Amino acid sequence: MGKFNERERPFMDRLLLELRDRLVHLGVEVHHLSDQDNRPCLEVFDKNLRCRRVYAHLAFMWFFWGSDNSERYSCHDLEDAAEVIAAAAQAGWPLEEQGHLGPDLQKILDAYPS
């Protein structure tokens, strides 16, 4: 996913910790940590004990855990975000690898032609 602005870290951590607390309340196993690039994230475990990493993207105000449109949710409503992520974890994460995490800016630009 690459480097990020370290000044954003406290804001990412705050959002992720609040999401973690809500996920724990919903009975989801989740751990707050930093990835190989020192970016804060949550490891969220599904019913089969497979994990996905959930990140906070501050520019778009999303939580995201994959590259598909259904694998992101607004940070503005933590309760709903936790419920969506908990439901996805309860259903079980896909068997394939998590893949590239991060928004595809070209797809976003293509969706809004000028």
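A brief look at the structure comes next. Given the structure is predicted, the values throughout are model-derived calculations rather than measurements.

Rules and cut-offs
Residues numbered from 1 in each chain as written. Predicted model: local features only at pLDDT ≥ 70, side-chain atom pairs only at ≥ 80, totals over all residues. Heavy atoms only, no water. Pairing = 2+ DSSP bridges. Helix = DSSP H or I, 4+ residues; strand = E, 2+ residues; numbered from the N terminus. Axes fitted to C-alpha atoms, helices over the stretch in contact; angles between N-to-C directions. Phe/Tyr/Trp six-rings, centres within 6.5 Å; stacked < 30°, edge-to-face > 60°. Lys NZ or Arg CZ within 6 Å of the ring centre and 35° of its normal. Salt bridge = Lys/Arg side-chain N within 4 Å of Asp/Glu carboxyl O. Buried < 20%, exposed > 50% of the residue type's maximum accessible area, 1.4 Å probe, protein only. Core = buried A, V, L, I, M, F, W, Y, C linked by side-chain atoms within 4.5 Å. Contact = heavy atoms within 4.5 Å. Expected span 1.5 Å × (residues − 1). Arc of directions from axis to C-beta.

This next bit is on the sheet that holds strand β1 (residues 30-34). Across the sheet, which stays open at both edges, the 5 strands sit in the order β1-β2-β3-β4-β5 with antiparallel pairing between neighbours. The open sheet has two edge strands, β1 and β5 (72-74), and neither has a second partner. Neighbour-to-neighbour, the strand axes of the sheet open up by a mean angle of 25°, direction not taken into account. Here 4 bridges tie strand β2 (residues 40-45) to strand β3 (residues 51-57), and the two strands are oriented antiparallel to one another. Within the sheet, the bridge partner assigned to Val-44 lies in β3 and is Arg-52.

The full count for this structure, using the stated rule, is 2 aromatic pairs. Ring centres of Phe-60 and Trp-62 lie 4.6 Å apart, and the angle between their planes is 15°; this geometry places the pair in the stacked category. Positioned above the aromatic ring of Trp-62, the side-chain terminus of Arg-72 is 4.2 Å from the ring centre.

Side chains that differ in sign of charge can pair as their charged atoms come close. The full count for this structure, using the stated rule, is 6 salt bridges. We note a salt bridge from Arg-9 to Asp-13, for which the minimum N-O separation is 3.5 Å. With a gap of 4 residues between them, Arg-9 and Asp-13 both fall in helix α1 (residues 9-25), about one helical turn apart. Across this residue pair, the class does not change: Arg-9 and Asp-13 are buried.

The next thing to look at is the environment of Met-12. Topologically, Met-12 is positioned in helix α1. Exposure remark for Met-12: the relative accessible area of 2% places this residue in the buried category. Once the C-alpha coordinates of Met-12 and Phe-63 are considered, the two residues, 51 residues apart in sequence, prove to be 9.8 Å apart.

Of all hydrophobic cores here, the largest spans 22 residues; its most connected members are Leu-19, Leu-23, Leu-42, Val-44, Val-54, Phe-63 and Ile-85. Listed by contribution, the elements that provide at least two residues to this core are α1, β2, β3 and α2 (78-91). A total of 6 residues in this core trace back to one element, the largest contributor, which is α2. If near-sequence neighbours (up to four positions away) are discounted, Val-54 is found in contact with Leu-16, Leu-19, Cys-41, Leu-42, Val-44, Phe-63, Phe-64, Trp-65 and Ile-85.

So, about α2. Quick reminder: α-helices carry 3.6 residues per turn. Residues three or four places apart thus point the same way. With 14 residues, α2 ought to run about 20 Å at 1.5 Å a step, and its terminal C-alpha atoms sit 20 Å apart, in line with that. Where α2 is concerned, the buried positions are Leu-78, Ala-81, Ala-82, Ile-85, Ala-86 and Ala-89. The buried residues of α2 all sit within an arc of 130° when viewed along its axis, so they share a single face. For α2, exposure combined with an orientation more than 90 degrees from the buried face picks out Gln-90 and Ala-91. Of the surrounding secondary structure, the elements contacted by the buried residues of α2 are α1, β2, β3, β4 (62-64) and β5.

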